[in-house]
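Structural description and commentary
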Amino acid sequence: GAQAAPDYLEGMNPEQRLAVETLDGPVLVLAGAGTGKTRVLTTRIAHILATGSAYPSQILAVTFTNKAAREMKVRIAGFIGGDVEGMAWLGTFHSVCVKILRRHAELVGLKSGFSILDTDDQLRLIKQLIRAEGLDDKRWTPRAFANMVDGWKNRALTPSEVSEAEGSAFAGLGRKLYADYQDRLSILNACDFGDLLLHVITVFKNNPDVLADYQRRFRYMMVDEYQDTNIAQYLWLRLLAQGNQNVCCVGDDDQSIYGWRGAEVDNILRFEHDFKGAEVIRLERNYRSTSHILAAASHLISHNEGRLGKTLFTDFEDPEDVKVNVASVWDSEEEARSIGEEIEALQSKGHALNDIAILVRASLQMRAFEDRFVTLGLNYRVIGGPRFYERMEIRDALAYFRCVVQPADDLAFERIVNTPKRGLGEASLKLVHELARTERIPLMQAGFQLCQTEELRPKPRAALKGVLDNVVRWRGELENVKHTELAEVILDESGYTEMWRNDRSAEAPGRLDNLKELIRSMEEFESLPGFLEHISLVMDRDNTEDNDAVSIMTLHSAKGLEFDTVFLPGWEEGLFPHQRALDESGKAGLEEERRLAYVGVTRAKKRATIWFTSNRRIHGQWQSSIPSRFLDELPADHVEIVESQSNYGGYGGGGYGSSRFDNRDPFQNSYSTPGWERAKKAKAAQGAALGRNSNSGGSGFKSARQRKAGPMTIEGE
Ligand code: ATP
Ligand code: MG
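Residues numbered from 1 in each chain as written. Chains lettered and ligands numbered in written order. Predicted model: local features only at pLDDT ≥ 70, side-chain atom pairs only at ≥ 80, totals over all residues.

Selection rule: UniProt positions are given in the numbering used here, feature names are shortened, and annotations may be inferred rather than shown by experiment.
The name recorded for the protein in an unreviewed UniProt entry is DNA 3'-5' helicase, from Roseibium limicola. One UniProt comment on the protein, placed under Sequence similarities (unreviewed entry), says "Belongs to the helicase family. UvrD subfamily." Annotation of the protein in UniProt includes, under Function (unreviewed entry), the sentence "Has both ATPase and helicase activities. Unwinds DNA duplexes with 3' to 5' polarity with respect to the bound strand and initiates unwinding most effectively when a single-stranded region is present. Involved in the post-incision events of nucleotide excision repair and methyl-directed mismatch repair."

Okay, structure coming up:
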């Protein structure tokens, strides 16, 4: 007889069920935002476990952020009512690769305890190499080089695989410098982020037995946000999946937003080609958003040409019939003030702050909100940025810990050797560097050797020996003393804490607090190495305290998330679409920006408000802004214009009149035209005067006639 479906399958639609239950062979789920792709993956894992098809440790599941991985674990645990501790291979590409690489480091010339450089260290190392070649690092910048190398690594190219033509970039030295860089990393027993994948691919390619081992281990493989994988990630996945072909990828070409980082939508097409007979499943029902929100997003994205195309519908009829709101304000301060007031209004009506997000295009937009929310005493968290760990005092402290854990970590040593100041001048340090280079040994080792000689004058020699002896002693305590205590000891004995205590600057007390907070945050880890490993992977960590807080993040980090209420500030030309994207990638750049807008709008379940200012300060300069062209691309029937937050209570009807914006109107004489229309006209006229073609690279501005009839005119005017 018919068996009742297990709990976890309840409510799934037939296509979702198919995607969950087709365990054997390749599956590609290609579907729009909010159609349950991530939910399918989670349910699929639950299904694999519930049917005993594999042990937790045999499932490989790749998510885009650590946060997403954590959430997935929680959901699976909920489904199967058991623990998912054994799900060792659920994480980001990077976290999975780091795990694999630790086991096989020696196969690519590393030792298992290798460090993972952060951007800062990476750039300093590159700078040394560039200078060593006698290049001017102002013209040939470390960042440009790092980007170039990242690009190669995203395509899984080792130095010898880079083509002659490409390799001759960077003053003809591109490939050589890349090789030198890899060489230096290996001497330092370190790798950068891109290496994590590249090295694992190299291990797999050169060691068929190791690959076969992992092919057998991973009985089922899954990838979320597949549209944003790059070539290296794809190759990695293909190598693993060629074993049993049980690979299921879910994605949405309309949400591909990492092209600038090497993501390839073509991977979707490649999948069908490389995995013959793949089951391609489309999901068309959106379970997340109201019909207004979905219509607005769908209409917006329909302006893109390069699409695989799909239909979407929702049954979610909002009883309050809230349209997507568009609001204009004077500047970013007012934007923050208004959004702050709206959030407080929502809060007073019983909405949880956790259900509210502010999604910005550029992180520079965050400051205004942070400042405002601090003033209001409104809880917020910033998601997606390693803000805390980026602070100077935190980086210094971490460098100390790294030296203790990994004595070959030259970059960490460089950072702390004369911090606090110990009277070690450039000249002394240069001697250490030279010895390290000629002997091909780590700096600390070179330092020790140098201290045995008379080469350094007594004072610097004593200072250097002091640091080195300290590090050795602390290292000796690694096994004996609890890591949090040891961390405190290190910061005290090194004189680092003292340095900030004696500092008279206004920030010093905050820095001391941060150091305390750092040590507190180590509590949940078992050891110093464990903690450092975590730090190197927290690029997308957030402070997930359970307390109720508004989330602030970039649109990029909002991928995959959902909130009842979403605020989308800064929809202005130049900011969104971002000028750099337009300049660097033209139409493709514009389309990627539009996908980003689509991602933004589709994060909202019930309420989405889009904001734009008439004036914005970018890099210290005031500019009068033009409303984003994306505003013109929203469907009139699903959009409501509000001029200020004071109308918030008036969703769904009237209330423009009382706008505070009117009182502050910068264009005193022209009340009859909405702010951005005026700004546009002004800017268009300005563009014409400069002989610029405002239509280049995109839809440009509509003609005056079109504009009048367009969707964005205010009713009743
Ligand atoms: P995105 O493209 O934004 O990542 P997605 O396709 O991954 O979206 P999910 O996040 O999995 O979509 O699902 C969106 C919302 O719809 C979630 O709240 C999810 O729990 C809910 N949902 C998905 N499928 C169903 C279903 N069959 N019944 C009820 N709710 C569902
Ligand atoms: Mg998802």
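The structure having been displayed, the exposition proceeds.
1. Brief notes about the sheet that holds strand β7 (residues 247–251)
What counts is decided by this rule: When DSSP finds at least two bridges between two strands, those strands are taken to pair. Only DSSP runs of H or I reaching four residues or more are called helices, and only runs of E reaching two or more are called strands; each is numbered from the N terminus. The axes are straight lines fitted to the C-alpha atoms, using for helices just the contacting stretch, and the angles between their N-to-C directions are given from 0 to 180°.
Taken together, 6 strands build an open sheet; the order of strands is β3-β2-β6-β7-β1-β8 and the sheet is parallel. Since the sheet does not close on itself, it has two edges, and those belong to β3 (90–92) and β8 (279–283), each with one partner. If you compare each strand with its neighbour and ignore which way they point, the axes differ by 15° on average. In the sheet, strand β1 (residues 27–31) pairs with β7 via 4 bridges, with the strands oriented parallel. Following the sheet pairing, Leu30 is matched in β7 by Gly251.

2. Here's the deal with the sheet that holds strand β14 (residues 550–554)
Here is the rule: Residue pairs qualify as contacts under a 7 Å threshold applied to their C-beta atoms, which are placed from the backbone.
The strand order across the open sheet built from 7 strands is β13-β14-β12-β15-β16-β11-β19, with neighbouring strands paired in parallel fashion. Of all strands in the sheet, those bounded by a partner on one side alone are β13 (380–383) and β19 (639–642). Sheet twist, expressed as the average angle between the axes of neighbouring strands with direction ignored, equals 25°. With 4 bridges connecting them, β13 and β14 associate as parallel partners. The residue of β14 that forms the bridge with Arg381 is Ser551. Docked against the sheet, helix α13 (residues 291–301) engages β11 (324–329), β16 (604–613) and β19, running at close to 70° with respect to β11.

3. Remarks on unusual backbone geometry
For the bond from Thr419 to Pro420, the omega torsion is 0°, close enough to zero to count as cis. Structurally, the position occupied by Pro420 is in the loop between α18 (410–416) and α19 (426–439). Cis geometry is adopted by the peptide bond preceding Pro577, which originates at Phe576 and carries an omega value of 5°. Among the structural elements, Pro577 can be located in the loop between β15 (563–568) and α26 (579–601).

4. Considering the UniProt feature "domain: UvrD-like helicase ATP-binding" (unreviewed entry) in the protein
This chain's UniProt record puts "domain: UvrD-like helicase ATP-binding" (unreviewed entry) on residues 10–290. Along residues 10–290, the helical share is 49% and the strand share 12%, with 22 Å between the first and last C-alpha atoms.

5. Comments concerning the site of ligand 1
For clarity, the threshold we go by: By definition, a residue lies near a molecule or strand provided its backbone-derived C-beta atom is within 6 Å of it. Charged means Asp, Glu, Lys or Arg here, nonpolar means Ala, Val, Leu, Ile, Met, Phe, Trp, Tyr, Cys or Pro, and polar covers whatever is left, Gly included.
Taken together, the neighbourhood of ligand 1 is formed by 19 residues, with Gly36, Lys37, Thr38, Arg39 and Tyr287 sitting nearest. Looking at which element gives the most residues to the shell around ligand 1, the answer is helix α2 (residues 37–50), with 3 residues. Here the residues of the shell around ligand 1 are counted per class, giving 4 nonpolar, 10 polar and 5 charged.

6. Re the nonpolar core
Our working definition: Any set of buried Ala, Val, Leu, Ile, Met, Phe, Trp, Tyr and Cys residues joined through C-beta atoms within 7 Å is what this text calls a nonpolar core. Partly exposed residues are those whose C-beta has more than 12 but fewer than 20 other C-beta atoms within 10 Å; 20 or more makes a residue buried and 12 or fewer makes it exposed, with C-beta atoms placed from the backbone.
Within the largest apolar cluster, 127 residues are counted, with the highest numbers of intra-cluster contacts made by Val29, Ala61, Val200, Tyr400 and Phe401. Counting residues per element, this core draws most heavily on helix α17 (residues 392–405), which supplies 9 residues. Residues within four places of Val200 in sequence aside, it is in contact with Cys97, Ile100, Leu101 and Trp236. Counting residues in hydrophobic clusters, the runner-up holds 58 residues, among them Ile257, Val329, Ile339 and Ile552.

7. Some remarks on the environment of Lys276
Within the secondary structure layout, Lys276 lies in the loop between α12 (266–274) and β8. Along the backbone, Lys276 and Ala69 are 207 residues apart, and their C-alpha atoms lie at a distance of 29 Å.

8. A word on helix α4 (residues 93–104)
Just so we agree on the cut-off: Expected span of a helix: the number of residues minus one, times 1.5 Å.
Its 12 residues give α4 an end-to-end C-alpha distance of 17 Å, which sits within 8% of 16 Å, the value for a rise of 1.5 Å per residue. The complete set of buried residues in α4 reads Phe93, His94, Val96, Cys97, Val98, Ile100 and Leu101. Looking at the buried positions of α4, the neighbouring elements they touch are β2 (59–63), β3, β4 (115–116), α9 (193–206) and α11 (231–241).

9. A closer look at the environment of Glu305
With respect to the secondary-structure elements, Glu305 resides in the loop between α13 and β10 (313–314). Sequence separation between Glu305 and His292 is 13 residues; the distance between their C-alpha atoms is 23 Å.

10. Observations regarding the UniProt feature "binding site: ATP" (unreviewed entry) in the protein
UniProt's entry tags Ala31, Gly32, Ala33, Gly34, Thr35, Gly36, Lys37 and Thr38 with the feature "binding site: ATP" (unreviewed entry), counted in the numbering of this structure. Not counting the four nearest positions on each side in its chain, Ala31 is found in contact with Lys37, Asp252, Arg282, Leu283 and Lys310. Its location among the elements puts Thr35 in the loop between β1 and α2. Ignoring any residue separated from it by four or fewer positions in sequence, one finds Thr35 in contact with Leu283, Glu284, Arg285 and Asn286.

11. Thoughts on the packing of α19 against helix α20 (residues 443–451)
To keep things clear, this is the line we draw: Any angle between 65 and 115 degrees counts as roughly perpendicular, while under 35 counts as roughly parallel, over 145 as roughly antiparallel, and the rest as oblique. In this scheme, a crossing is called left-handed if the near helix is turned counterclockwise away from the far one by less than a right angle; it is called right-handed if the turn is clockwise.
With their axes 8 Å apart at the nearest point, α19 and α20 run at an angle of 110° to one another. It follows from the interaxial angle that α19 and α20 lie roughly perpendicular. Our pair here, α19 against α20, has a crossing hand that is right-handed. Along the contact surface, α19 presents Leu431, Val432, Leu435, Ala436 and Glu439, while α20 presents Leu443, Ala446, Gly447, Gln449 and Leu450. Class assignment for the residues of the contact of α19 with α20 results in 7 nonpolar, 2 polar and 1 charged.

12. Here's the deal with the confidence of the model for the protein
Regions with low pLDDT should not have their predicted coordinates read in detail. The condition is simple: On a range of 0 to 100, pLDDT expresses the predictor's confidence in each residue.
In this model, the protein carries a mean pLDDT of 84, and residues with pLDDT of at least 70 account for 85%. Across the protein, the secondary-structure element scoring lowest on mean pLDDT is helix α30 (residues 704–709), at 28, and the one scoring highest is β15, at 98. Counting interchain partners and residues more than four positions distant, the pLDDT-below-50 stretch residues 539–544 has 13 contacts. The low-confidence segment residues 645–717 (pLDDT under 50) makes 85 contacts with residues lying over four places distant or belonging to another chain. Across the predicted assembly, pTM comes out at 0.74 and ipTM at 0.99.

13. Some points on the environment of Glu284
One can find Glu284 in the loop between β8 and β9 (285–286). Separated by 252 residues in sequence, Glu284 and Gly32 place their C-alpha atoms 7.1 Å apart. Not counting residues within four places of it along the chain, the set of residues in contact with Glu284 comprises Thr35, Thr311, Leu312 and Phe313.

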